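Observations on chain architecture
Residues per chain are reported as follows:
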Amino acid sequence: SKQYLGLDVAPADTAFGLMANFAADDHPKKVSLLAGAYRDEQGNPWVLPSVREAKKRLSEATHEYLGIAGSPGFVKLAKELIFGPISSKLQGNAASIQTVSGTGANHVAATFLAKHLRPSQVFIPSPTWINHKSIWQMAGVPIVEYPYYSSSTKEIDMDGMLHSLEQAKPNDVVIVQACAHNPTGVDLSPAQWKQVAELVQRKKLFTVFDSAYQGFATGDVDGDAWAVRHFAEAVLASETHPGFCVAQSFSKNFGLYGERVGALHLVVPQSLSAEGAQSELSLIARAEYSNPPRYGASIVEAVLGDQALRLQWKADLDTMSSRIHRMRNMLRQKLEDETGQDWSHVGKQIGMFSYTGLTAMHVVRLREEYHIYLLPSGRVSICGLNESNIDYVAQAIGQVLR
Ligand code: PMP
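All chains use their own residue numbering, which begins from 1 and follows the written sequence. Totals for whole chains, interfaces and linings use all residues, but because this is a predicted model, local features are given only for residues with pLDDT of at least 70 and pairs of side-chain atoms are given and counted only at 80 or more.

Describing helix α7 (residues 190-203)
End to end, α7 covers 20 Å across 14 residues, agreeing with the expected 20 Å (1.5 Å per residue, within 8%). The secondary structure listing takes helices from DSSP runs of H or I that are at least 4 residues long and strands from runs of E that are at least 2 residues long, numbered from the N terminus. K204 sits one or two positions beyond α7 and adopts a positive phi of about 60°. Expected span, for any helix, means 1.5 Å times one less than how many residues it has.

Focus: the site of the ligand
Residue proximity rests on one test: whether the C-beta atom, placed from the backbone, lies within 6 Å of the molecule or strand. Neighbouring the ligand are 13 residues, the closest being S101, G102, T103, S249 and S251. For the shell around the ligand, the element with the most residues is helix α4 (residues 101-116), which contributes three residues. Gly falls in the polar group here, along with every residue not listed as nonpolar (Ala, Val, Leu, Ile, Met, Phe, Trp, Tyr, Cys, Pro) or charged (Asp, Glu, Lys, Arg). Here the residues of the shell around the ligand are counted per class, giving three nonpolar, nine polar and one charged.

Some points on the UniProt feature "domain: Aminotransferase class I/classII large" (unreviewed entry) in the protein
Sequence positions flagged by UniProt for "domain: Aminotransferase class I/classII large" (unreviewed entry) are, in local numbering, residues 29-397. Secondary structure content for residues 29-397 is 44% helix and 15% strand, while the C-alpha to C-alpha distance between its ends is 14 Å. UniProt positions are given in the numbering used here, feature names are shortened, and annotations may be inferred rather than shown by experiment.

Things to note about unusual backbone geometry
Residue P127 follows S126 across a cis peptide bond; omega there is 0°. For S101, which is not glycine, the phi dihedral falls at a positive 60°. As for its position among the elements, S101 is in helix α4. Burial is judged by counting the other C-beta atoms within 10 Å of a residue's own C-beta: 20 or more makes it buried, 12 or fewer makes it exposed, and any count in between marks it as partly exposed, with every C-beta position built from the backbone. Given 26 C-beta atoms within a 10 Å radius, S101 is considered buried.

Focus: helix α5 (residues 131-138)
Residues of α5 that are buried include every one of H132, I135 and W136, and no others. What you see down the axis of α5 is that its buried residues fit within an arc of 90°, all on one side. We call two residues in contact if the C-beta atoms placed from their backbones are at most 7 Å apart. The secondary structure elements touched by the buried residues of α5 are α4, β3 (122-126), β4 (143-147) and β7 (173-177). The positive-phi residue at the C-terminal boundary of α5 is G140, with phi of around 80°. The reported arc concerns the directions from the helix axis to the C-beta atoms and nothing else.

Here we look at the sheet that holds strand β9 (residues 244-249)
In this scheme, strands are said to pair when DSSP sees at least two bridges between them. Pairing within the open sheet is mixed, and its seven strands lie in the order β2-β10-β9-β8-β7-β3-β4. Each edge of the open sheet is held by one strand with a lone partner, namely β2 (94-100) and β4. Direction aside, neighbouring strands of the sheet carry axes that sit 25° apart on average. Looking at chain direction, β3 and β7 are connected through two bridges and run parallel. Counted as the bridge partner of F123 is V174 from β7. Axis angles are defined between N-to-C directions and span 0 to 180 degrees, where every axis is a line fitted to C-alpha atoms and, for a helix, only to the segment in contact.

Quick word on the confidence of the model for the protein
Mean pLDDT over the protein: 96, with 100% of residues reaching 70 or higher. Interface predicted TM-score (ipTM) for the complex: 0.99; the corresponding pTM is 0.96. Every residue gets a pLDDT, meaning the predictor's confidence in that residue, from 0 to 100.

Concerning the nonpolar core
In this structure, A109 and L264 are the most contacted members of the largest nonpolar core, which totals 116 residues. Setting aside anything within four residues of it in sequence, one finds A109 in contact with V208, C245, A247 and L264. Nonpolar core, as used here: buried Ala, Val, Leu, Ile, Met, Phe, Trp, Tyr and Cys residues forming one set through C-beta atoms within 7 Å.

A few points about the packing of helix α11 (residues 295-304) against helix α12 (residues 307-339)
Between α11 and α12, the shortest axis-to-axis distance is 6 Å and the interhelical angle comes to 105°. Taken together, α11 and α12 sit at an angle that is classed as roughly perpendicular. Across from A302, V303 and L304 in α11, the residues of α12 making contact are L309, R310 and W313. Oblique is the label for any angle not covered by the other classes, which are roughly parallel (under 35 degrees), roughly antiparallel (over 145) and roughly perpendicular (65 to 115).

A few points about the environment of R260
Within the fold, R260 resides in the loop between α9 (251-254) and β10 (261-267). Overall, the presence of 22 C-beta atoms within 10 Å leaves R260 in the buried class. Spatially, the C-alpha atoms of R260 and N386 are 27 Å apart, while their sequence positions differ by 126 residues. Sequence-distant contacts of R260, that is, excluding residues within four places in its chain, are made with V100, S101, G104, P293 and G296.

Observations concerning the environment of A277
Looking at where A277 falls in the secondary structure, it is placed in helix α10 (residues 275-288). Sequence spacing of A277 and W226 is 51 residues, and the spatial spacing of their C-alpha atoms is 25 Å.

Observations regarding the packing of helix α2 (residues 49-57) against α12
Where α2 contacts α12, the axes come no closer than 8 Å and their chain directions differ by 145°. Residues P49, S50, E53 and A54 of α2 lie in contact with α12, whose contacting residues are L309, Q312, W313 and D316. The residue inventory of the contact of α2 with α12, partitioned by class, reads four nonpolar, two polar and two charged.

A short note on the environment of V364
Tracing the chain through its elements places V364 in helix α14 (residues 360-370). Residue classification places V364 among the exposed residues on the basis of 12 C-beta atoms within 10 Å. Sequence separation between V364 and M19 is 345 residues; the distance between their C-alpha atoms is 14 Å.

Topic: the pairing of β9
Most of β9 sits inside the fold, with six of its six residues counted as buried. The side-chain alternation of β9 yields two buried faces, one formed by F244, V246 and Q248 and the other by C245, A247 and S249. In terms of strand pairing, strand β8 (residues 206-211) meets β9 through five bridges, oriented parallel. Looking at the pairing, V208 lines up with C245 of β9.

This is the structure:
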């Protein structure tokens, strides 16, 4: 029959669709390399010990509404986490609000910028997190994909990226990922970040940092924030810097996926006040969800606000990032043993994912013949690997490449 309002049934989200197929697969050796969520050595979700302790302390937590902009204590700690020592210098010219995780921060940023900055285009990396396109489409801003990753060199396509961004007009928006780029695992070097910083300032482009993996990427919260802090310093050093914003997620680095903890920080040119922008961000939040969720933010606030819990959290980040690092290197070694080919890119990539270079056809064979699930792009979530399944996975990849 005809669809209400002529709405065709949209295709299911690829990743969530495959996760449902995996859940329904009853093969004993099945392996999911899909989810962007940490799994421990047994393949189970992991509650960070720092989070477990904070929850105990919050057992008498209130269920009252937060304010529209969220918990002021949480927002201050979130800002300090991303900007580090520069945070105190960003007083009058930064606006920050708590958001519905990283996705919500990206969305509020898109809504705000589409309405007030009025970019003619938004530049997103090719490839990138799938939701960047959806969010900016909803905001009604024309999308340009800039070259980011070269599948032939398996490195950044710096010339392609710079050349594409040179075509942008003043007030156009550039989306970048702060660290552990999803899906490629390939980040810009500090020298490359400096080139991008110079370009956006010269051409008066507005940068949106998507920061979803601070501390999770390498275990080093300051190192993972290097690019963001470099931009913040550029704003402080120049009256003419157009400003930028950061969409900050706490899903991965606190293992708080379902609680939806995030923040948006908008840094405006030094000569201007961010007060009006701060009130406008609150108006957007008020109209969309009234106020952000309390529980997860109070956990993060309890951890970051307590010296001992913060130390435990750093240790937790180490636990997660070093297990991923170990699995990544093991996968590289085993794939080289299986295939006799060079898999050094798998070892060099950063964060939760590896962009293997496997084709959509290989991915179908892995699923149908071996019950191993990964995205059609060849992206694997390293978190899905452990000592019990890594040989099976490496052998299966060896087989489909034969
Ligand atoms: N940005 C990137 C690049 C991501 O990978 C993710 C998580 N997959 C997010 C944002 C947002 O996640 P969340 O909404 O859970 O914070």
